[in-house]
There are 8 protein chains.
Amino acid sequence: MQIKVAIVMGSDSDWRVMKKAKEILDSFEIPSVCKVVSAHRTPEDISPFLSESEKAGAKVVIAGAGAAAHLAGVLASYTLLPVIGVPLNSTPMNGMDSLLATVQMPEGIPVATVGIDNAGNAALLAIRMLAMTDPAILNRLNAYKAEMVAKTRKKSENLK
Amino acid sequence: MQIKVAIVMGSDSDWRVMKKAKEILDSFEIPSVCKVVSAHRTPEDISPFLSESEKAGAKVVIAGAGAAAHLAGVLASYTLLPVIGVPLNSTPMNGMDSLLATVQMPEGIPVATVGIDNAGNAALLAIRMLAMTDPAILNRLNAYKAEMVAKTRKKSENLK
Amino acid sequence: MQIKVAIVMGSDSDWRVMKKAKEILDSFEIPSVCKVVSAHRTPEDISPFLSESEKAGAKVVIAGAGAAAHLAGVLASYTLLPVIGVPLNSTPMNGMDSLLATVQMPEGIPVATVGIDNAGNAALLAIRMLAMTDPAILNRLNAYKAEMVAKTRKKSENLK
Amino acid sequence: MQIKVAIVMGSDSDWRVMKKAKEILDSFEIPSVCKVVSAHRTPEDISPFLSESEKAGAKVVIAGAGAAAHLAGVLASYTLLPVIGVPLNSTPMNGMDSLLATVQMPEGIPVATVGIDNAGNAALLAIRMLAMTDPAILNRLNAYKAEMVAKTRKKSENLK
Amino acid sequence: MQIKVAIVMGSDSDWRVMKKAKEILDSFEIPSVCKVVSAHRTPEDISPFLSESEKAGAKVVIAGAGAAAHLAGVLASYTLLPVIGVPLNSTPMNGMDSLLATVQMPEGIPVATVGIDNAGNAALLAIRMLAMTDPAILNRLNAYKAEMVAKTRKKSENLK
Amino acid sequence: MQIKVAIVMGSDSDWRVMKKAKEILDSFEIPSVCKVVSAHRTPEDISPFLSESEKAGAKVVIAGAGAAAHLAGVLASYTLLPVIGVPLNSTPMNGMDSLLATVQMPEGIPVATVGIDNAGNAALLAIRMLAMTDPAILNRLNAYKAEMVAKTRKKSENLK
Amino acid sequence: MQIKVAIVMGSDSDWRVMKKAKEILDSFEIPSVCKVVSAHRTPEDISPFLSESEKAGAKVVIAGAGAAAHLAGVLASYTLLPVIGVPLNSTPMNGMDSLLATVQMPEGIPVATVGIDNAGNAALLAIRMLAMTDPAILNRLNAYKAEMVAKTRKKSENLK
Amino acid sequence: MQIKVAIVMGSDSDWRVMKKAKEILDSFEIPSVCKVVSAHRTPEDISPFLSESEKAGAKVVIAGAGAAAHLAGVLASYTLLPVIGVPLNSTPMNGMDSLLATVQMPEGIPVATVGIDNAGNAALLAIRMLAMTDPAILNRLNAYKAEMVAKTRKKSENLK
């Protein structure tokens with residue numbers, strides 16, 4: 001089966017946060033694959049991982065990393081697919097280190113950065129990109145939004 | 001003519017930074033439109049602007065704003081197109097205020113945030129999104145990358 | 001019955017902090033209403049919520065939100081009532097993100113910002129605004145202050 | 001003549017920023033008075049300044065101060081009028097020191113804080129408070145808003 | 001009995017940190033007094049507290065406060081005794097708010113600031129000031145230092 | 001002649017800021033000496049400098065340093081005189097590096113820290129310490145304060 | 001037996017973090033020694049500690065300290081061996097204080113700084129320095145790297 | 001001729017800062033080479049650059065980069081030589097982004113980080129590493145230190 005999104009993280013301990021991306025993609029019935037590749041520990045694996053993912057059909061890459069979070073940036077320097085970076089809160093710096101290391105890319109190599117630990121938004125951003133040319137996914141996004149609205153309104157009613 | 005990208009900024013003083021996005025899109029021959037819409041001063045214009053842009057063909061929105069930079073987030077709450085946020089350095093806070101106000105979106109409404117004042121990367125990210133399904137744009141991205149590599153190598157040779 | 005203050009928060013999980021505002025208003029016998037409205041998830045509800053609140057008599061709006069906390073700013077762009085923003089500590093950033101996203105508003109659309117998670121001060125600020133023209137409320141504020149002084153002095157006596 | 005707003009700043013060098021508040025109040029035809037009172041250099045003058053201002057009719061106090069900006073907080077501890085704090089950027093800390101010293105007040109003594117150096121928003125916030133019970137001022141606020149909308153729309157048209 | 005040092009804190013909840021100052025002063029047999037006085041809640045008590053303390057013999061004042069920590073600065077504006085400020089970590093800001101609100105005083109009114117929550121160093125700084133003209137206290141400081149050296153050396157020996 | 005205060009800085013480029021301390025001490029007719037000693041470049045000179053200063057009569061040490069500003073802390077570890085640290089703004093970090101490196105001393109070795117680049121307050125703090133037991137200096141402090149009050153009041157009168 | 005690396009920390013409570021450096025050096029069969037020396041409490045012990053360590057064969061020094069972390073910098077001012085600094089997270093500042101106090105050294109006295117609490121990387125950096133001229137250690141580094149790669153790849157396989 | 005140190009920077013605009021490293025190495029008569037290689041723009045050149053440098057004799061690598069400064073970290077993941085990172089101040093973030101992106105490396109891949117823009121210290125750190133086993137270089141370091149001491153002492157004499 002063809003995948004649409006490749007999810008990669010710097011360590012298996014990041015799975016605790018990154019699995020949210022997988023869950024949302026699953027709920028949208030968008031096939032994806034998850035890998036551990038480290039920009040620092042296994043730099044030689046980055047290029048093969050990308051080739052493989054592109055061959056498997058990936059149109060978007062989601063990368064989660066903490067500390068001096070280079071993973072998304074390094075991926076973006078090897079591929080021309082859009083790369084979404086999730087800065088992870090994994091040091092005493094509260095994610096400020098990973099946020100700056102992910103978002104402050106030099107001109108030429110963009111990373112689409114979402115909020116700290118916000119793997120859910122990374123998935124939803126990937127879905128918006130896919131929905132640009134896929135009406136079925138756009139329909140599901142519309143349904144997702146309607147449900148979000150309904151939930152928020154119900155919360156308001158239940159407030160005391 | 002159909003546009004592909006809608007560029008919007010909170011104030012005409014942001015044009016100084018945001019024009020770089022327009023220039024890069026132009027160099028890729030990707031039609032775009034530029035507007036001033038303020039999340040705070042003209043909130044009623046946001047929804048019409050988006051309807052109009054979508055009707056005109058826009059597939060991606062780029063939003064630049066400074067200070068308590070809500071523009072990208074508000075746009076993302078009204079449209080299902082991917083929204084790219086450019087945090088602008090326009091207060092004594094050095095852009096930290098606009099970065100956090102742009103990137104730290106709640107789950108459900110993602111903003112693809114690029115670096116502070118990095119309108120160039122916003123354009124290149126939009127181009128990557130369009131290239132997902134447009135081989136001609138992908139070709140131009142490949143050429144852009146090759147030129148970037150050549151320039152960097154020439155800089156190395158010229159270093160003293 | 002007419003209300004005086006409308007309290008709104010971005011999520012029902014913010015109630016844990018925001019209920020303090022309700023409690024203080026109650027203790028001053030100032031009628032208020034509490035709602036969940038999200039600047040991002042239910043932007044279409046903001047304008048109706050404000051119309052309804054103003055019709056019900058609201059003279060001040062209190063808004064609590066975390067992360068890229070746009071709620072107070074968006075409310076202030078739709079109403080001419082004074083809007084008090086409570087930045088909530090709801091991400092690893094310790095409330096710095098919500099503080100900057102709430103307070104750093106562009107000229108033209110002010111938000112009266114109080115300290116992080118300080119819903120109590122939001123209520124007391126609303127009460128001061130109402131007391132500008134309501135001597136009964138001013139009397140209660142005077143009593144509140146006298147009690148605060150007495151409590152602090154008793155604490156000093158009890159210190160060992 | 002009765003005043004409506006008392007503007008106070010910690011040093012005459014703050015006038016460069018704070019005069020914007022005076023100008024906006026003037027344009028709304030709201031009488032105000034401007035003084036230099038320092039929380040640290042002339043603490044004994046704070047209580048007399050407030051008594052005098054209240055006698056002269058002041059309903060709101062605007063205080064601008066930089067560095068360890070205690071002025072707004074100290075004023076708020078002596079009066080029950082709403083106090084608006086303008087954190088000024090006057091040290092190498094870029095206003096972060098004055099922002100935190102102004103906004104992070106303990107529960108019981110609120111300061112309505114606006115953005116760094118944003119004396120204009122302090123005036124507009126005072127005007128919103130006065131407009132709560134003064135329809136003439138509310139009318140002018142409506143006109144101000146309409147003009148702001150018109151200006152922003154014109155900027156958009158003029159953008160190339 | 002004459003006291004030498006007056007210790008004051010903004011709230012009785014600060015005692016948890018500030019008692020360390022009392023303990024060190026006690027161990028040096030330096031008489032001191034502890035009070036709760038709030039710069040914001042009981043500003044009228046500051047001047048009487050200082051007069052009383054000076055009459056009782058106080059030569060140094062130690063003030064602990066959190067958040068927008070104005071206490072030390074306000075004390076320093078009423079007395080000419082040296083005032084030592086202890087910024088307390090009492091908000092989500094990790095003490096950065098109280099540090100900046102304590103140390104960034106305008107020229108003219110100095111506060112001798114020690115580290116966040118470091119009430120022990122406040123006491124030792126007061127003791128150094130007293131030792132400037134009191135050889136008995138200087139002797140005890142010398143003994144304290146010798147003991148500190150001995151303890152550190154023993155820790156090194158015990159390391160595994 | 002006996003000195004009262006020893007002023008030391010890490011580099012002669014710090015004189016631009018530190019001379020303010022000398023000027024204020026001169027205006028109080030308090031004899032002082034100024035030296036360049038670097039905690040890092042000339043650590044062997046620290047102990048001799050202190051011995052010499054103490055022999056010459058110094059009762060207080062003022063130390064100004066930037067970046068990883070260790071000077072005040074190292075001095076405080078060699079002497080039992082009170083040491084006042086002036087964090088200097090000499091790197092792109094805006095003085096945050098020197099502030100934290102000066103104020104966050106471990107318990108046992110206090111540094112009396114003043115605001116960034118605030119050499120004037122360092123002098124005034126030293127003067128307060130000397131005034132603890134010197135009525136003549138206390139008189140001059142009273143005069144200094146009275147003049148400061150008069151100046152601030154005149155500024156208020158001159159404000160437009 | 002000759003040692004290769006001297007590990008020093010400011011307090012025995014730092015051992016909890018610093019022992020990781022010892023463990024990695026042990027696993028590389030590189031002899032080392034561990035001491036507690038405080039830049040502030042036992043400054044007189046720094047020079048003897050270094051002489052002794054150099055005589056015992058030390059080629060690299062690793063220093064761990066928190067807060068106003070001067071230890072690595074002071075060591076680097078007394079020795080010409082490379083000094084590696086480990087900023088420790090030991091205050092409410094999350095290690096930002098120790099990071100800046102360790103890394104922002106003035107030109108002339110370098111400290112090789114690693115990440116906050118990252119004693120493991122301090123050891124690996126010392127090992128890289130020793131491997132510059134020791135092929136046996138270089139071999140072990142190669143094996144270490146290979147194992148790290150294998151582990152990361154296995155983690156990827158085990159991910160769900 | 002054999003080189004000892006390879007200096008690399010992300011852009012030729014970094015030469016303005018990085019040339020200081022070259023100048024110091026030259027003054028120590030240590031042969032070095034300077035290149036522009038970008039972690040993001042020319043990632044494929046990193047591995048060849050390192051092979052070439054190692055073949056040419058390089059024992060240490062110095063890397064200067066700004067913003068999301070990945071260069072030093074990526075180099076350290078491909079080579080086992082010690083890598084020294086110089087965080088450059090090239091964005092509105094004042095170098096905080098490049099400092100955190102350089103120093104906060106995950107365990108396994110150390111980068112020896114020096115202060116922001118402190119290319120001089122990078123050179124001196126490389127020289128200390130080379131001096132570990134090269135007595136001639138150690139002699140020059142001793143002379144450098146002696147000169148630094150003499151200069152600092154002369155500055156003290158010249159102060160006024």
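Residues numbered from 1 in each chain as written. Chains lettered and ligands numbered in written order. Predicted model: local features only at pLDDT ≥ 70, side-chain atom pairs only at ≥ 80, totals over all residues. Heavy atoms only, no water.

## What to know about the environment of V103 of chain C
- Tracing the chain through its elements places V103 of chain C in helix α4 (residues 96-103).
- Taking C-alpha positions, V103 of chain C is 18 Å from I7 of chain C, a pair spaced 96 residues apart along the chain.
- Setting aside residues no more than four positions away along its own chain, V103 of chain C makes contact with T113 of chain C together with L99, T113, V114 and G115 of chain D. (Helix = DSSP H or I, 4+ residues; strand = E, 2+ residues; numbered from the N terminus. Contact = heavy atoms within 4.5 Å.)

## Some points on the relation of the copies chain E and chain G
- Overlay of chain E on chain G (RMSD 0.0 Å): rotation 90 degrees, translation along the axis 0.0 Å. The superposition operator between the copies reduces to a four-fold rotation axis. Considering only C-alpha atoms, the residue of chain E closest to the rotation axis is N94 of chain E, which sits at 5.9 Å.
- An overlap of only 7% is found between the interface residues of chain E and their copies at the interface of chain G, pointing to separate contact surfaces. (Least-squares fit on C-alpha atoms with pLDDT ≥ 70 in both.)

## What about the interface of chain E and chain G?
- The interface of chain E with chain G comprises 15 residues on the first partner and 16 residues on the second.
- For the pair chain E and chain G, the two sides together bury roughly 1400 Å², of which 64% comes from carbon and sulfur.
- Where chain E packs against chain G, one counts 2 salt bridges.
- Its salt-bridge partner being R153 of chain E, residue D45 of chain G comes within 2.5 Å of it at the nearest N-O pair. (Buried area = accessible area lost by both parts, 1.4 Å probe. Salt bridge = Lys/Arg side-chain N within 4 Å of Asp/Glu carboxyl O.)

## Section: unusual backbone geometry
- Positive phi, close to 60 degrees, is recorded for E29 of chain B, a residue that is not glycine.
- Inspection of the secondary structure puts E29 of chain B in the loop between α1 (15-27) and β2 (32-36).
- The backbone of N94 of chain E sits at a positive phi, close to 65 degrees, despite the residue not being glycine.
- Along the polypeptide, N94 of chain E turns up in the loop between β4 (83-88) and α4 (96-103).
- Residue N94 of chain E is classed as buried on the basis of its relative accessible area of 18%. (Buried < 20%, exposed > 50% of the residue type's maximum accessible area, 1.4 Å probe, protein only.)

## Description of the packing of helix α2 (residues 46-55) of chain F against helix α3 (residues 71-78) of chain F
All names here are of chain F.
- Interaxial distance between α2 and α3 falls to 10 Å at its minimum, and their mutual angle equals 65 degrees. Of the two possible hands of crossing, α2 and α3 adopt the one that is right-handed. Contacts between α2 and α3 involve I46, S47, F49 and L50 from the former and L71, V74, L75 and Y78 from the latter.
- Residue classes in the contact of α2 with α3 are distributed as 7 nonpolar, 1 polar and no charged. (Axes fitted to C-alpha atoms, helices over the stretch in contact; angles between N-to-C directions. Left-handed = near helix turned anticlockwise from the far one by under 90°. Nonpolar A, V, L, I, M, F, W, Y, C, P; charged D, E, K, R; others polar.)

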